[in-house]
Amino acid sequence: MSRLKILALLPLVAALSGCDYIVLAPAGDIAAQQRDLVIISTVLMLLIVVPVMALTVLFAWRYRQSNTQARYEPEWDHSTKLELVIWSAPLLIIVCLGALTWMGTHLLDPYRTLGRIHAERAVDQSKAPLEVDVVALDWKWLFIYPDYGIATVNELAAPVDRPITFRITASSVMNSFYIPALAGQIYAMPGMETKLHAVVNHAGTYKGFSANYSGAGFSGMHFNFQGLDDKGFDTWVAKAKSAGGSLGRAEYLQLEKPSQNEPVRRWGTVDADLYRLILNMCVETGKMCQSEMMAIDAKGGNGHQGLNNTLPLTYDKYARRGAPLGPEPVFVAGTCTPDAPQGKTTASITAPVDTAPLLGAGLKRPSFTPLKSSSFFLGQRPKSDS
């Protein structure tokens, strides 16, 4: 081989030598079981593939035209023994693969709580798992730790050998949450919640990213996942708390706006209700939550009168982010239920009334229950005597 050809192959050799086969050498028990499933399935299929490829080459060589010593039987058309081998071997492989897939589908269900830390250690049921709320934004990842009251962007950490419960959603388009060293990927979708249970068994820093193309900033939508010991995790939490700042509705609406290659950010406190609002797509003040709208629809909906209850989005009204009822983006106004005395009619309060002072004055916003005693539709102001 010429020197020029060798030089041309050097970049390829360098690239291959730098490959990190993290899927085959994971740091978490779930990913390790998924690796074993892939390897066992591949070996079972190779039991058929390899003999077929070898026999193809053997037959081509043995029965070549120049080999006059090979048996020539033009009238041969059947062999019971050969048919049994041809059909029974693949059938047994398919049965094994089917059983393996069925068990793996149930045992590695991302919604299934963990039954073990690793092969030799069961989960300690007396210790609560670490809960992490994950929000896929354009184009960054938001992680909320409800038990610690902190939030981060593009940085995730968890203690070694402690089960992790991820609750995953998205702000706009669909993404895919994937940490190859920890567990398989699972989709993040707006207005929906997916779950993932996992555990990290080895300390280290591992890559996480979105495995589903979601637009211009997709290539920068990655983060570091840190597996830490208990002391290291406590130090990481303290560092996040010391960062100060509070992530509430207003701060989230600014964070939600599309941006690319975001650096790591931390908040020392976070609105305890923020993830629920993100999931129900009602972070904007006065916007009806998806759960409330679904409760209304379950009782028959509001019909044509419900159109009166739509309001324009203020923070991105010119971005045309969803405009089913006109040229400008709109949303359905939320409802507030005051603490009325027993037997009094409960009224609907619609934006543009600012609901923040109302909430501060003793009003609360529960899950919506359709009103039976009210004589007006949502979107119409109540009579003065109600």
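Conventions and cut-offs
- Residues numbered from 1 in each chain as written.
- Predicted model: local features only at pLDDT ≥ 70, side-chain atom pairs only at ≥ 80, totals over all residues.
- Heavy atoms only, no water.
- Buried < 20%, exposed > 50% of the residue type's maximum accessible area, 1.4 Å probe, protein only.
- Helix = DSSP H or I, 4+ residues; strand = E, 2+ residues; numbered from the N terminus.
- Pairing = 2+ DSSP bridges.
- UniProt positions renumbered as here; feature names shortened; annotations may be inferred.
- Patch = residues over 30% accessible without salt bridge, like charges linked within 9 Å, V, L, I, M, F, W, Y side chains within 5 Å.
- Areas by Shrake-Rupley, 256 points an atom, 1.4 Å probe, with all protein chains shown as cover.
- Salt bridge = Lys/Arg side-chain N within 4 Å of Asp/Glu carboxyl O.
- Expected span 1.5 Å × (residues − 1).
- Arc of directions from axis to C-beta.
- Contact = heavy atoms within 4.5 Å.
- Polar contact = N/O pair within 3.5 Å; in protein donor to acceptor, adjacent residues only side chain to side chain.
- Axes fitted to C-alpha atoms, helices over the stretch in contact; angles between N-to-C directions.
- Phe/Tyr/Trp six-rings, centres within 6.5 Å; stacked < 30°, edge-to-face > 60°.
- Lys, Arg positive; Asp, Glu negative; His and termini not counted.

Remarks on the pairing of strand β4 (residues 140-145)
The buried fraction of β4 is high, at six of six residues. The side-chain alternation of β4 yields two buried faces, one formed by Lys 140, Leu 142 and Ile 144 and the other by Trp 141, Phe 143 and Tyr 145. Bridge count for strand β3 (residues 130-137) against β4 is five bridges, and the pairing is antiparallel. Bridged to Val 134 within β4 is Phe 143. The antiparallel hairpin formed by β3 and β4 contains two residues in its connecting segment. Of the pairings in the sheet, the one linking β4 to strand β5 (residues 150-153) comprises four bridges and is antiparallel in character. For Ile 144, the partnering residue across the bridge sits in β5 and is Ala 151. In sequence, β4 turns back onto β5 through a hairpin of four residues, with Gly 149 there showing a positive phi of about 70°.

Digging into the UniProt feature "transmembrane region" (unreviewed entry) in the protein chain
On the UniProt side, "transmembrane region" (unreviewed entry) is annotated at positions that read residues 37-61 and 82-103 here. End C-alpha atoms of residues 37-61 are separated by 36 Å, and the span's content is 100% helix alongside 0% strand. Annotation note: span residues 82-103, helix share 100%, strand share 0%, distance between end C-alpha atoms 32 Å.

What to know about a nonpolar patch on the surface
A cluster of nonpolar side chains, namely Tyr 21, Val 23, Leu 24, Ile 39, Val 43 and Leu 47, defines an oily patch on the protein surface of about 580 Å² accessible area. Within the element layout of this structure, Val 43 appears in helix α2 (residues 29-62).

As for helix α4 (residues 230-242)
Compared with an ideal rise of 1.5 Å per residue, which puts 13 residues at 18 Å, α4 spans 18 Å between its outermost C-alpha atoms and is within 8% of the ideal. Looking only at α4, the buried set comprises Phe 233, Trp 236, Val 237 and Ala 240. Each buried residue of α4 lies within a common arc of 100° when the element is viewed along its axis, so the set occupies one face. Exposed residues pointing more than 90 degrees away from the buried face of α4 are listed as Lys 231 and Ser 242. Buried residues along α4 sit against β3, β4, β5, β6 (155-159), β12 (222-228) and β14 (265-267). Looking one or two residues beyond α4, the residue adopting positive phi is Gly 244, at roughly 70°.

Section: the side chain of Glu 155
Mapped onto the elements of the fold, Glu 155 is located in strand β6. On the basis of relative accessibility, which here comes to 8%, the residue Glu 155 falls in the buried class. Reaching out from Glu 155, the side chain makes a polar contact with the side chain of Trp 236 at a distance of 3.3 Å. A distance of 2.9 Å separates polar atoms of two side chains, one belonging to Glu 155 and the other to Arg 266. Each residue touching Glu 155, except ones within four places of it in the same chain, is listed here: Phe 143, Phe 223, Asn 224, Gln 226, Trp 236, Val 264 and Arg 266.

Description of the sheet that holds strand β11 (residues 204-210)
Here we have five strands laid out as an open sheet, ordered β6-β12-β11-β8-β9, and mixed in their pairing. Of all strands in the sheet, those with a lone pairing partner are β6 and β9 (183-188), marking the two edges. Between one strand axis and the next, the sheet turns by 20° as a mean value, whatever way the strands run. Of the strand pairs in this sheet, β11 and β12 are connected by six bridges, and their pairing is antiparallel. Paired with Tyr 206 across the bridge in β12 is Phe 225.

Observations concerning the packing of aromatic side chains
The geometry of an aromatic ring pair is captured by the separation of the ring centres together with the interplanar angle, meaning the angle of the planes. The tally for this structure, following the rule as stated, stands at 14 aromatic pairs. Between Trp 141 and Phe 177 the ring centres are 5.5 Å apart and the planes differ by 65°, which places this aromatic pair in the edge-to-face class. With a gap of 36 residues between them, Trp 141 in strand β4 and Phe 177 in strand β8 (residues 175-179) connect regions that are remote in the sequence. Both residues of the pair, Trp 141 and Phe 177, count as buried.

Considering the side chain of Lys 140
You can see Lys 140 is positioned in strand β4. Within the buried core, Lys 140 has no salt-bridge partner, and the shortest N-O distance to an opposite charge, that of Glu 262, equals 5.0 Å. Within polar-contact distance, the side chain of Lys 140 engages the side chain of Ser 259 at 2.8 Å. Setting aside anything within four residues of it in sequence, one finds Lys 140 in contact with Val 135, Val 153, Asn 154, Met 221, Leu 255, Lys 257, Pro 258, Ser 259 and Glu 262.

Concerning unusual backbone geometry
Backbone phi values are negative for most residues with the exception of glycine, while trans is the configuration of most peptide bonds. Following Asp 138, the chain continues into Trp 139 via a peptide bond in cis, with omega recorded as -10°. With respect to the helices and strands, Trp 139 occurs in the loop between β3 and β4. One non-glycine residue, Met 281, lies in the positive phi region at around 55°. Residue placement: Met 281 occurs in the loop between α6 (274-279) and α7 (290-298).

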